[in-house]
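Coordinate analysis (summary)
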Amino acid sequence: MFVQYSCNYRILVVDDLVDNLFLLQTFLEAEGFEVETADSGSQALSQISTKLPDLVLLDVMLPDISGYEVTRQIRQNHNLPFIPILLVTAHDQTNAKLGLDAGANDFIRKPIDFEELLTRISVFLQLKTHGG
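Residues numbered from 1 in each chain as written. Predicted model: local features only at pLDDT ≥ 70, side-chain atom pairs only at ≥ 80, totals over all residues. Heavy atoms only, no water.

Turning next to the nonpolar core. Within the largest apolar cluster, 21 residues are counted, with the highest numbers of intra-cluster contacts made by V14, V56, L58 and L87. Secondary-structure elements contributing two or more residues to this core are β1 (10-14), α2 (41-50), β3 (55-59), α3 (67-76) and β4 (85-89). Aside from chain neighbours lying at most four places away, what touches L58 is V14, G67, V70, T71, I85, L86, L87 and V88. By size, the runner-up hydrophobic cluster in this structure holds 20 residues, among which are Y9, I11, L28 and L117. (Core = buried A, V, L, I, M, F, W, Y, C linked by side-chain atoms within 4.5 Å. Buried < 20%, exposed > 50% of the residue type's maximum accessible area, 1.4 Å probe, protein only. Helix = DSSP H or I, 4+ residues; strand = E, 2+ residues; numbered from the N terminus. Contact = heavy atoms within 4.5 Å.)

Sheet architecture is open: five strands sit in the order β2-β1-β3-β4-β5, paired in parallel fashion. The open sheet has two edge strands, β2 (34-38) and β5 (106-109), and neither has a second partner. Averaged over all neighbouring strand pairs, the angle between strand axes comes to 20°, with direction disregarded. Of the strand pairs in this sheet, β1 and β3 are connected by four bridges, and their pairing is parallel. Paired with I11 across the strands is L55, a residue of β3. Where α2 meets the sheet, it contacts β1, β2 and β3, and its direction lies at approximately 140° from that of β2. (Pairing = 2+ DSSP bridges. Axes fitted to C-alpha atoms, helices over the stretch in contact; angles between N-to-C directions.)

Looking at the secondary structure, you find L17 in the loop between β1 and α1 (18-30). Expressed as a C-alpha distance, the spacing of L17 and S40, which sit 23 residues apart in the sequence, is 9.6 Å.

Counting across every chain of the model gives one aromatic pair. When the ring of F27 is compared with that of F114, the centres are 4.4 Å apart and the planes differ by 45°; the resulting orientation is tilted. Taken as a pair, F27 in helix α1 and F114 in helix α5 (residues 114-130) lie far apart in primary sequence, 87 residues in all. Judged by its relative accessible area of 18%, F27 falls in the buried class. (Phe/Tyr/Trp six-rings, centres within 6.5 Å; stacked < 30°, edge-to-face > 60°.)

Structure representation (C-alpha cells):
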C-alpha cells in the first residue's frame, strides 16, 4: 500500500485522549515514522520548542489551549521553521475556516481514515522536504 518511511520523519501527535494517542502512535510507527505524543496544547508547544517535529497532527479540542490557538502560537513564533500542521476534528466544515485562518495546513476528520491520513502526511512532508 504505502512505502515505509526510512527518513526518520518525526511526527508530534497531540490529543488529550490516551486511546487516540496510542492508536495514532502505533499506526504511524508501523509506517516507519518516529512519533512523539503530547496530551495538551501547552505540552505540545513545549515539545516543539525543544525538539522540532517534521509535522504536527493536532486535535482541535484540547483541555487547556485549543488546537487553533496552538496553531496560531506556532505560526507567530518566527524562530520556528515551517512545520506542517494537520488539525484533527470531529466538527463540521464550518470550523475549517478557523483552523486555516490560524495557520493550519489541512484538516482530517474523526473517525480518521488512515489511508487518507497517510496520503496527507506524505504530501506535506514532500512539500517540506522539497520546498514546495
